[in-house]
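# Breakdown of the fold
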Amino acid sequence: MRRMALLLTLTMLIVLLAACGGKSGSGNNGGASATNSSVKTAGNTATAADSGKTGEVVTIRTSISDGELSKDQIAEFEAKYPNIKIEIEQLDGTKLAAELATNSAPDVIRISGAFETSSYAIRGIAMDLTDRIEGSSVIKMEDLVPMASVFRFDGKKIGAGAIYGLPKDWSNDFAIWYNKKAFDAAGVPLPDSKQPLTWPEVMELAKKLTKKDGNKIKQYGLAASEWGKTEPNFNLLLQYVLSAGGKINAADNATMDFNVQPVKDFINMWVEAVKSNVGPNSLNNDQVSGGDLFLSDKAAMLIDGYWYSGVIRSNENTKTHLADFGMLPTPIAPNGTRMAPTGGATGAIINKNTKHPDEAWKFYEWFFGGKPADDRAKTGWGLPAFQSKMALLPQETDFDKQVYGVLQDELKYAGFLPVNPYLSGGGWGIFDKYVQPLYFGKSSVDQAIAGITKDANVAITEAKNAAGQ
Amino acid sequence: MTEKSRRIAAFYLMISPWFIIFVTLGLFPLLYGLYLSFTNYYGFNMNNLKMIGWHNYDLVFSDSDAMYALGRTLYFTAINVPLGTALALGLAILLNRSIRGGGVYRTIFYLPSLVPVISTILMWKIMFSGNGGILNAILNVFGIDAVNWLGYDHATTSLIIMTLWGAGGGILINLAGLKGIPKDLYEAASIDGAGAFQNFRRITLPLMTPIIFFNVLMGIIGSLQVYLQPILLNGSELLARPIQPNYLYVVHAFQQIFASQRFAYGMALLWVLFVVILALSIVVFLTSKYWVYYETDRER
């Protein structure tokens, strides 16, 4: 018996040790929350009194990346505000989750407005900036574009209520970019850029634009994103549902039901497109990204927003023949309404637990409304949050003019994706889980829709419970 | 202080650097995670934690994703561990022969285990690619149809192939074991007329069983914890969901914690995994007396 006990203890110890130092990273076995015991509740109550006494230098940490906030800009800010130092902290999703869990997240947190604002508000991480924005002399409320309201949330609806942040820039992320060389190679004329195509028309066009040499694909018709495969995703689904006027959220957002015709049509349309190999996907296992294909004339169309004009202007392959590229309006669902929502709107919130709310706001106001906002608009890497800065967008070349012209039309059709505030970004994984098997004939559309609905509702119930609702 | 207590004090003093680090950075987080698994911790409600008993553990067993992932992980382990162990042993035996340039070969075979895992995955992704991937190009030479290596039907096979490529890591310890086998045993065997196969079957294999035992145990623990490879083989970022057949258990836990902020539930998932690892390790330990040879007989 004693030998047995010893054997067990020994085994346990070895497992424990191996688990601690496991090469495949199982250190997560508690590691992420190891230092949670020190969570404090600075909360909203932190005042200017404890946030930097006169002369004291305060450091504001932000996860806005160094590509978005240059050293020169930081130096400019620090010269203007000698009592504030700015520190950029590069964060990915996992590190941010761990920092939030341990209350060590930055003071100014970079987020995607369209998907994350409501979740940060519900979890009590985002500070309500309404009063500060209304009282600001740098950020004028009346000058904000309608899409800036993607950072507003009234507890139920996105786009109304308290303001939790502002977009650094945003785009009509579901527009279509064309590569004229690829259209010419397939002998297909360019579509009219004044009228939006329907999504099924885009797919038909994509088939015509896909060129094969025997079994080998020489040119794809469509790239669904600059970095990934030509497969549907949750964002694209929400835009389609918005245009089709489908209802997937209950009035109080407490449940979701994906068993509606637009969702079925969307999934059927995309599964067909994947099976037709109109772009790199899981079936043809082409590992080249959509953006690389598009920029090297090997994909005729790309789904992306205005910001992609920045890529086309600066890419070595494309900047020499900009006239070959252009933007088409965001497609619509058949018989649907024209809608050109943003799928991201990267911006930031101020951490409610910041110890220095006033200094964080000073930085926030400067970064989102001050000179950096002008700098950003001039580059054309996204649309400004202010009407008055729209005129700063590039308008010199024919390419600039074509894109700017289509954009003016698109701006009239701003709308918000029907994001469920409790599901937030959780829909992406759920969507992939149930839709991917369809490409391989391993499931049916009805099963997929039932699965998405079930998992989404489980996640919503959990999020509501977590928020004490 | 008596001589005995001085010796005990010296012992603890000497192991203290490791022991302190182990307790603070190893044991404490593990136990803290265990505590959190009985709470409703979502990553932002630390000052409002509620004890919810075994609820998270009940969830694990009614979570079809978790059970599916566990099944796939056990399947992956059941194939990966025997193949990996056999491959490492086979290569070590080949490399143990005194041939010219043996050291070079040893280095080459060991090299894959020095390559960072991210680079390994990126490299294999290109080799598995359907557009210009070398594996399909080779199949093409032999007139075999292209295979969708990362598709639904072959994704797990590809994951195993990629993992086996790193089997060279086990070669080092196998070589050490082989060098430890006394030469005179082989000499005596050859005098008795034993061939190469009998040498292997009657001398090498039995004397290598303690090493094999160690490799099997570590292999099981490592395979059950794999998560980075399946995520990045199909996706391009950590929170991407792998293709369904490669949705392994720790991937599920990782998704729950970092994509869904279900921290407490994620902890429960990982502690269930700990129990699974523990159970399998005990089985391996218990069966070891039937197949592992120890030079000095264990006390009975």
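The rules behind each value
- Residues numbered from 1 in each chain as written.
- Chains lettered and ligands numbered in written order.
- Predicted model: local features only at pLDDT ≥ 70, side-chain atom pairs only at ≥ 80, totals over all residues.
- Heavy atoms only, no water.
- Helix = DSSP H or I, 4+ residues; strand = E, 2+ residues; numbered from the N terminus.
- Buried < 20%, exposed > 50% of the residue type's maximum accessible area, 1.4 Å probe, protein only.
- Contact = heavy atoms within 4.5 Å.
- Areas by Shrake-Rupley, 256 points an atom, 1.4 Å probe, with all protein chains shown as cover.
- Core = buried A, V, L, I, M, F, W, Y, C linked by side-chain atoms within 4.5 Å.
- Domains from an automatic or database assignment.
- Axes fitted to C-alpha atoms, helices over the stretch in contact; angles between N-to-C directions.
- Parallel < 35°, antiparallel > 145°, perpendicular 65-115°, else oblique.
- Left-handed = near helix turned anticlockwise from the far one by under 90°.
- Nonpolar A, V, L, I, M, F, W, Y, C, P; charged D, E, K, R; others polar.
- Phe/Tyr/Trp six-rings, centres within 6.5 Å; stacked < 30°, edge-to-face > 60°.
- Pairing = 2+ DSSP bridges.
- pLDDT = per-residue confidence, 0-100.
- Expected span 1.5 Å × (residues − 1).
- Buried area = accessible area lost by both parts, 1.4 Å probe.
- Salt bridge = Lys/Arg side-chain N within 4 Å of Asp/Glu carboxyl O.

### Points about the overall build of chain A
Along chain A, the regular secondary structure elements total 17 helices and twelve strands. When the 469 residues of chain A are sorted by exposure, 58% land in the buried category. Residue pairs in contact within chain A that sit at least 24 positions apart in sequence constitute 76% of those at least 6 positions apart. Entry remark: accessible area of chain A is about 18900 Å², with carbon and sulfur atoms responsible for 53%.

### Focus: helix H12 (residues 249-259) of chain B
Residue and element names in this part refer to chain B. The buried fraction of H12 is high, at ten of eleven residues. Among the residues of H12, Tyr249, Val250, Val251, His252, Ala253, Phe254, Gln255, Gln256, Ile257 and Phe258 are the ones counted as buried. Of the residues trailing H12, Gln261 is marked for its positive phi of about 55°.

### Points about the nonpolar core
Of all hydrophobic cores here, the largest spans 135 residues; its most connected members are Trp199, Phe258, Trp270, Met301 and Phe363 of chain A. Three or more residues apiece are contributed to this core by two domains, here domain 1 (46-169 + 343-393) and domain 2 (176-342 + 418-466) of chain A. Ignoring any residue separated from it by four or fewer positions in sequence, one finds Met301 of chain A in contact with Ile176, Trp177, Phe183, Val202, Leu205, Ala206, Leu209, Gly221, Leu222, Ala223 and Phe294 of chain A. Ranked by size, the runner-up nonpolar core spans 79 residues in total, among them Leu139, Ile203, Ile231 and Trp271 of chain B.

### Considerations on the packing of helix H16 (residues 427-439) of chain A against helix H17 (residues 445-466) of chain A
All names here are of chain A. As a packed pair, H16 and H17 sit with axes 9 Å apart at the nearest point and diverge in direction by 170°. With respect to H17, the axis of H16 lies roughly antiparallel. For H16 against H17, the interelement crossing comes out right-handed. Contacts from Ile430, Phe431, Lys433, Tyr434, Val435 and Leu438 in H16 reach Val445, Ala448, Gly451, Ile452, Lys454, Asp455 and Ala456 in H17. Looking at the contact of H16 with H17, its residues break down into nine nonpolar, one polar and three charged.

### Overview of the packing of aromatic side chains
Residues and elements named next belong to chain A. Counted under the stated rule, the structure contains 39 aromatic pairs over all chains. An angle of 35° between the planes, with centres 6.3 Å apart, marks the rings of Trp177 and Phe399 as tilted. Of this pair, Trp177 sits in strand S7 (residues 176-179) while Phe399 sits in helix H15 (residues 398-410), placing them 222 residues apart in sequence. Using a relative accessible area of 2% as the deciding quantity, one classes Phe399 as buried. An aromatic cluster of at least three residues, connected via ring pairs, comprises Phe77, Tyr81, Trp361, Phe363, Tyr364, Trp366, Phe367 and Phe368.

### A short note on the sheet that holds S7 of chain A
All names here are of chain A. Sheet architecture is open: five strands sit in the order S8-S9-S10-S7-S11, paired in mixed fashion. Among the strands making up the open sheet, the edge pair consists of strand S8 (211-213) and strand S11 (325-328). Averaged over all neighbouring strand pairs, the angle between strand axes comes to 20°, with direction disregarded. In this sheet, strand S9 (residues 216-223) lies alongside S8 in antiparallel orientation, the contact comprising three bridges. Bridge pairing links Asp213 to Lys216 in S9.

### Structural notes on the environment of Gly151 of chain B
Along the chain, Gly151 of chain B turns up in the loop between helix H6 (134-141) and helix H7 (155-165). Each C-alpha atom, one on Gly151 of chain B and one on Gln244 of chain B, is 9.7 Å from the other, the two residues being 93 residues apart in sequence. In contact with Gly151 of chain B, other than residues within four places in its own chain, are Ser282 and Phe440 of chain A together with Ile243 of chain B.

### Let's talk about the confidence of the model for chain B
Predicted confidence across chain B gives a mean pLDDT of 90, with 98% of residues reaching 70 or more. Predicted complex, confidence summary: ipTM 0.82, pTM 0.85.

### Let's talk about helix H10 (residues 261-275) of chain A
All names here are of chain A. In this model H10 runs 21 Å from its N-terminal to its C-terminal C-alpha over 15 residues, within 8% of the 21 Å that 1.5 Å per residue would give. By the burial criterion, the buried members of H10 are Pro262, Val263, Phe266, Ile267, Met269, Trp270, Val271, Ala273 and Val274. Contacts from the buried residues of H10 go to helix H8 (199-209), S9, helix H9 (234-244), strand S10 (299-303), H16 and H17. Residue Asn277 follows H10 closely and has a positive phi angle near 55°.

### So, unusual backbone geometry
Excluding glycine, residues mostly carry a negative phi; peptide bonds, for their part, are mostly trans. Non-glycine residue Asn277 of chain A carries a positive phi angle of around 55°. Turning to its location among the elements, Asn277 of chain A is positioned in the loop between H10 and helix H11 (290-295). For Asn277 of chain A, a relative accessible area of 17% puts it in the buried group. Here Gln261 of chain B, not a glycine, exhibits a phi torsion of approximately 55°, which is positive.

### Quick notes on the domain arrangement of chain A
Where interface size is given, it is often the accessible area lost as the parts come together that is meant. All names here are of chain A. Split into domains, chain A comes out as domain 1 (46-169 + 343-393) and domain 2 (176-342 + 418-466). A C-alpha centroid distance of 30 Å is found between domain 1 and domain 2. In this assembly, 21 residues from domain 1 lie in contact with 21 residues from domain 2. Note on domain 1 versus domain 2: buried area summed over both sides is about 1600 Å², and carbon and sulfur give 66% of it. Of all residues in domain 1, Phe115, Lys156 and Trp381 give up the largest surface area on contact with domain 2, accounting jointly for 40% of the area buried on that side.

### Brief notes about the pattern of salt bridges
Residues and elements named next belong to chain A. On inspection of all chains with the given rule, the structure shows 26 salt bridges over all chains. For Arg61, the salt bridge identified is with Glu89, shortest N-O distance 2.5 Å. Highlighted residues: Arg61 in strand S1 (residues 58-62) and Glu89 in the loop between strand S2 (84-88) and helix H4 (93-101), separated in sequence by 28 residues. Given a relative accessible area of 22%, Arg61 falls into the partly exposed group. Glu89 gets classed as buried once you look at its relative accessible area, which sits at 12%. A salt bridge links Asp409 to Lys412; the shortest N-O distance between them is 3.0 Å. Connected through shared salt-bridge partners, Arg61, Glu89, Lys95 and Glu99 make up one network.

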